[in-house]
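Okay, here's what each chain looks like letter by letter:
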Amino acid sequence: MRSEAIVGVLEKQYVTKLLEKGKRSDGRNLLDCRPIQIIPNVIKKAEGSAMVKWGDTVILAGVKAQLGTPFPDTPNDGVITVNAEISPISSPTNESGPPGPRAVELARVVDRGIRESKIIPMKDPKLCVIPGKKVWILFIDVYILDDGGNLFDAAALGAMAALANTRLKRVVIDEDLEEVTLLDEKEPLPRKGSVASLTFAKIKDTIVYDPNLLEDRGKDARFSLAITDKGIVCSMQKGESGVFTEEEFVTLLDQSSSLVTPLLEKIEESSQFPEMNEMYHFDF
Amino acid sequence: MSKRLVENSTQNRVVPGDKIAVIEEFLPDETCFEQDGSILSTTTGEVITDLKKHKITVKPIKNLFILKRGDVGVGRVVYVKKQIASVDIHMINDTKVPLPMNSILHVSEASRRFVKNMYEVTRPGDWLKFRIVRKMKPIYISLIGEGLGVVIAQCNHCGHDLEFYRRNALKCPNCSLIQNRITANSFGKLVTSFTRTSQNETR
Amino acid sequence: MTQDKISLLLDDGRRLDGRELHEIRPITMKSSVLDRADGSCYLTWGNNKIICAVYGPRELHPKHLAKPDRAIVRVEYRLATFSVNERKSPAPRRREYELSKLIKESLDSVLFLEKFPNGTIDVYITVLDADGGTRCAALTAASIALADAGIPMKGFITGCAVGKVADKMVVDLSDVEDKDGQGDMPVAMNYNTGEITLLQCDGEFTTDEVKEGLSLAIRAIGEVYKMQKEAVLAKYTQIEESIDDLGEEEE
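Here's a quick rundown of the structure. (Residues numbered from 1 in each chain as written. Chains lettered and ligands numbered in written order. Predicted model: local features only at pLDDT ≥ 70, side-chain atom pairs only at ≥ 80, totals over all residues.)

1. Things to note about the overall build of chain A
Our working rule: For helices the rule is a DSSP run of H or I covering at least 4 residues; for strands it is a run of E covering at least 2, with both sets numbered from the N terminus onward. With the radius of gyration taken over C-alpha atoms, the globule rule is written as 2.2 Å times the number of residues to the power 0.38. Exposure classes come from backbone-placed C-beta atoms, where a residue is buried if 20 or more other C-beta atoms lie within 10 Å of its own, exposed if 12 or fewer do, and partly exposed in between. This entry defines residue contacts through backbone-placed C-beta atoms, with two residues in contact when those atoms are within 7 Å.
Along its length, chain A carries five helices and 12 strands. Computed over the C-alpha atoms, the radius of gyration of chain A is 20 Å, within 12% of the 19 Å expected from 2.2 N^0.38 for a compact globule of 284 residues. Seen along its three principal axes, the alpha-carbon backbone of chain A occupies a region of about 70 × 35 × 35 Å. The buried share of chain A, reckoned over its 284 residues, is 46%. The contacts of chain A with a sequence gap of at least 6 include a subset with a gap of at least 24, amounting to 71%.

Right, here's the structure in full:
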């Protein structure tokens, strides 16, 4: 909306002037992260779920699984898709309707981080039930409930935490009839490590980690990268119309390993939640 | 949020639809309504009664955004004609307005001194600090007053940010052009804190 | 079929989740949960989890929808994709459109819309976890969010469903009772004035059962209404706490 765009000018002026002095609007250092809280297993009807409060950003991620046919080009692989909904609940500027370019980019960046890191072994017999015929399709849906900036990292963390808590129904295969029966008993989703995303925003000549809402709106350029617990960079995305130099990317990559460790620890912490947690409760 | 809110007793706190009096006792104002001889609250808040004037009102816990005469605001000029300029209001009293409101600045309200036409006052794209002189639509604003006028402006020719040259004149550092504006004495220093941007912040 | 119906009640006359016939599920409500919304509410009703945000009164876009004498209310009721047994497609379905419309019409009756000409009041409801009776819970949450946003209204809309399970009228159906029971009748009303703003029914009821159901629903709505009031007034406690915090910081 117009007001947002133009008040953005004033906001940007304010953020830029502060950054020139090396300060941020919420008093953090340039590479500090806001407090993060992960509440796992909050939705009863979902196979796995997590709520993430990243500063004042609140997101809810849920995993639904259903048996379906695999894609013809990858008949032996399970399927994973990420869908993001920037709900109109989250901010006065987010309008309802089909997902816009912003939501699609968010979903695809989160999707790529999880897919390319190969932390979910798609060929595992638990996921690929009957090769070429029946595989598990995992739908990860991320709902943005309160937009306080840095949706990329919050959404990636939520999706990862939801996967870490996902339990699929045990499947019994009838080899002759090629039929499957679902049991009520559940078992955890196979997982080989975890992945987390880091987002930097460049405002004029200053680069900050974990942009808050003011910085997110005033940013010239954005850079997100996903790193696994083995230190492998599995996806990167530069966004917005601003530019970065080679040196800047190099410094950011050097800084990334120390920034990603606390996030990965948070994921592991939340997945060690008692497996049969039936509380399904969260609060704001 | 004032401390007075807390010091009041919890007894007279009401929610919408609560009966607060009967019509024989008090005159309801816009925070209450009458139904079947009773006065009911329309909002969440505390009941305040004036026994002398027989008035009853509910002091709301959350004030809706209401424009008042004399409020100081910040806005951006959309277009300029000989007699008037159209200005989008973006902030009132350091609070962001919920959605853009459009207002009109007439040349007679631009300055105490004589100005020939609006082009000497402002140009499209300028940021103005103004006060409200008419709160109903169409909203009228004025630049007459302490600290009011153009606060940010761009060059008519090259679009570069203008710098202060002297009172009511600005200079472009890029093309050295000197241009007329009615400047505020805080020209170029429009930095406000944006800690809260909600429209309903208690003012 | 008959066996199914009987199996919805336990031998001791209680319901599958251990409730009495006329007992509602545990409810929690919290207002002002979102930073950016003008008014918001998070409500849990049994296993239902509903979040509601209100924006407005604000200028309406597109402008041709605006009414010069009054504000319009726009309601969007949505189910989260993971809130139901089979994953729901993210696009809204017919059911969601219908419920949005019913909720809007229900809220219309209590709002003073003529105070905000040309404006809009947007109510967004997302059901995060669904377990029967979401439309009543959504209306209850929407009223709290509207009151939280400071929008003038005549009173709260409170909802509660009644239904018929194993030939008995029961209050507040769960998902299983809704699907396998004989009938479901959501009711919503302005409890203060007794005006019923929403009444739907599907299933088999005799006229006497409908009458009984209505009186049961009104009694249950009275209970929920008390909680609604507490939830809205709880904001004073929040403010008091935040002032206390400020005071400590200053010291």
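2. Quick word on the nonpolar core
Heads up, the rule is: We define a nonpolar core as a collection of buried residues of the types Ala, Val, Leu, Ile, Met, Phe, Trp, Tyr and Cys that are connected via C-beta atoms lying within 7 Å of each other.
Counting 159 residues, the largest nonpolar core has Ala159 of chain A together with Cys52 of chain C as the members making the most contacts within it. One finds Val87, Ile92, Trp127 and Leu170 of chain B within the second-largest nonpolar core, a separate group that totals 33 residues.

3. Details of the interface of chain C and chain A
Our working rule: Think of it as three bins: nonpolar holds Ala, Val, Leu, Ile, Met, Phe, Trp, Tyr, Cys and Pro, charged holds Asp, Glu, Lys and Arg, and polar takes everything else, Gly as well.
In this assembly, 26 residues from chain C lie in contact with 27 residues from chain A. Among the elements of the structure, β3 (48-59) and β5 (119-129) of chain C are those that each provide at least two residues to the side of chain C that touches chain A. By residue number, the principal contributor to the side of chain C that touches chain A is β5 of chain C, which donates four residues. Of the residues that constitute the side of chain C that touches chain A, the class distribution is 14 nonpolar, five polar and seven charged.

4. Examining the sheet that holds strand β16 (residues 178-180) of chain B
Strands in a sheet are paired, the pairing made by backbone hydrogen bonds, and the direction either parallel or antiparallel. Residues and elements named next belong to chain B. Going by this rule: By this definition, two strands are paired if DSSP reports at least two bridges between them. Axis angles are defined between N-to-C directions and span 0 to 180 degrees, where every axis is a line fitted to C-alpha atoms and, for a helix, only to the segment in contact.
Taken together, the three strands give an open sheet; going across it, the order is β14-β15-β16, and neighbouring strands pair in antiparallel fashion. Pairing within the sheet leaves two strands with one partner each, and these edge strands are β14 (163-166) and β16. Strand-to-strand, the axes of this sheet are offset by a mean angle of 40°, without reference to chain direction. Inspection of the sheet shows β14 paired to strand β15 (residues 169-171) by three bridges, in the antiparallel sense. The residue bridging Phe164 from the neighbouring strand is Leu170, located in β15.

5. Considerations on the sheet that holds strand β3 (residues 27-28) of chain B
Residues and elements named next belong to chain B. Taken together, four strands build an open sheet; the order of strands is β1-β6-β7-β3 and the sheet is mixed. For this open sheet the edge positions go to β1 (13-14) and β3, each flanked by a neighbour on one side alone. Two strands pair when backbone bridges link them, and strand β6 (residues 45-50) and strand β7 (residues 55-60) are joined in this way by six bridges, in the antiparallel orientation. By the bridge assignment for β7, Gly45 is matched with Pro60.

6. Quick look at the packing of helix α3 (residues 151-164) of chain A against helix α5 (residues 246-271) of chain A
Residues and elements named next belong to chain A. The criterion, for reference: Take the far helix as your reference; a near helix turned counterclockwise from it by less than a right angle gives a left-handed crossing, and one turned clockwise gives a right-handed crossing.
Relative to each other, α3 and α5 sit at 30°, their axes nearing to 9 Å. The handedness of the crossing between α3 and α5 comes out as right-handed. Between α3 and α5, the residues in contact are Leu157, Met160, Ala161 and Ala164 and Leu263, Ile267, Ser270 and Ser271, respectively. When its residues are assigned to classes, the contact of α3 with α5 shows six nonpolar, two polar and no charged.

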